[in-house]
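A look at the structure
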Amino acid sequence: AQSVTQPDIHITVSEGASLELRCNYSYGATPYLFWYVQSPGQGLQLLLKYFSGDTLVQGIKGFEAEFKRSQSSFNLRKPSVHWSDAAEYFCAVGALSNYQLIWGAGTKLIIKP
Amino acid sequence: GAVVSQHPSRVICKSGTSVKIECRSLDFQATTMFWYRQFPKQSLMLMATSNEGSKATYEQGVEKDKFLINHASLTLSTLTVTSAHPEDSSFYICSARDLAGGGTQYFGPGTRLLVL
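The sections below set out a description of the structure shown in this document.

Thresholds, definitions, all that
Residues numbered from 1 in each chain as written. Chains lettered and ligands numbered in written order. Predicted model: local features only at pLDDT ≥ 70, side-chain atom pairs only at ≥ 80, totals over all residues. Heavy atoms only, no water. Contact = heavy atoms within 4.5 Å. Buried area = accessible area lost by both parts, 1.4 Å probe. Salt bridge = Lys/Arg side-chain N within 4 Å of Asp/Glu carboxyl O. Polar contact = N/O pair within 3.5 Å; in protein donor to acceptor, adjacent residues only side chain to side chain. Helix = DSSP H or I, 4+ residues; strand = E, 2+ residues; numbered from the N terminus. Buried < 20%, exposed > 50% of the residue type's maximum accessible area, 1.4 Å probe, protein only. Disulfide = S-S within 2.5 Å.

Opposite the 18 residues of chain A that make contact, chain B presents 24 residues. Roughly 1500 Å² is buried in total at the junction of chain A and chain B, and carbon and sulfur atoms are behind 54% of that figure. The tally of links from chain A across to chain B stands at 0 salt bridges. At the boundary of chain A with chain B, the tally comes to 5 residue pairs in polar contact (both at pLDDT 80 or more).

So, on to the side chain of Thr 104 of chain B. Here Thr 104 of chain B shows up in strand 10 (residues 104-107). The buried category is assigned to Thr 104 of chain B, whose relative accessible area is 0%. Reaching out from Thr 104 of chain B, the side chain makes a polar contact with the side chain of Lys 49 of chain A at a distance of 2.9 Å. Apart from residues no more than four positions distant in its own chain, Thr 104 of chain B is found in contact with Phe 34, Tyr 36, Leu 46, Lys 49 and Phe 51 of chain A together with Ala 96, Arg 97 and Asp 98 of chain B.

The next point concerns the environment of Phe 67 of chain B. Residue and element names in this part refer to chain B. Here Phe 67 shows up in strand 7 (residues 67-73). You can call Phe 67 buried: its relative accessible area is 6%. Distance from Phe 67 to Val 19, taken between C-alpha atoms, is 9.8 Å for residues 48 residues apart in sequence. Beyond its immediate chain neighbours, meaning those up to four positions away, Phe 67 contacts Arg 37, Met 47, Tyr 58, Val 62, Leu 79, Thr 80, Val 81, Asp 88 and Tyr 92.

Moving on, we get to the state of the cysteines. Here, disulfide denotes a covalent bond that connects the sulfur atoms of two cysteines. Scanning all chains against the criterion turns up 2 disulfides over all chains. The partner cysteine of Cys 23 of chain A in its disulfide is Cys 91 of chain A, sulfur to sulfur 1.9 Å. Around the S-S axis, the bridge from Cys 23 of chain A to Cys 91 of chain A shows a dihedral of about -65 degrees and counts as left-handed. Taken together, the residues Cys 23 of chain A in the loop between strand 3 (19-21) and strand 4 (24-26) and Cys 91 of chain A in strand 10 (residues 87-95) connect sequence positions 68 residues apart. This pair shows no difference in class: Cys 23 of chain A is buried, exactly as Cys 91 of chain A is. Residue Cys 23 of chain B pairs covalently with Cys 94 of chain B via a disulfide, S to S 2.0 Å. The S-S bond linking Cys 23 of chain B to Cys 94 of chain B shows a torsion near 80 degrees; that makes this disulfide right-handed. Of the two residues, Cys 23 of chain B sits in strand 3 (residues 19-25) while Cys 94 of chain B sits in strand 9 (residues 90-98), which places them 71 residues apart along the sequence.

Structure follows, in structure tokens:
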């Protein structure tokens, strides 16, 4: 079955600390992987995506993610979080031939001052 | 970057009335748009896939006669919630697929619907 798992419902980190949000997937075809961020009451903004090539991808707002095929993972990282990073983060997987995305349940990021 | 707009951002209506939500891709053409519904503290639930010039494809459990979708042009899709009831109150989000961007979905800011 195709699925995306974000094992952490919420994560709390101190401002300035590093961050890693986990995402594991189960997908039969070559996966195209995405991370989106949603601020309260807002739509989703694309942070970064992986289609092919370098497995470490850089995104906006200082985020990066690494695709590890052997672990079926696409974890999101940021070396130093800012209070404005507090939001909900969603991992999604799809295929170019199939435009529908499969979504993780989301991880809520809370920033401690 | 690709921008998708939604209008209105917030709407309050009486039970039994119909509400139309517009989704526009502002700087790219989208042959495919998607409509999602999001309940509080939950992930997105795909309602339907809107294809320009053809009928929408609805997900299982979504009433097509209640949620009317029209994709009349490459930059505009509309979702009409007909005879709205309080249980239709939700956050509705559209996305548009940018083929030039490898099929990436870009999302609108969402529409908060409250049915009294």
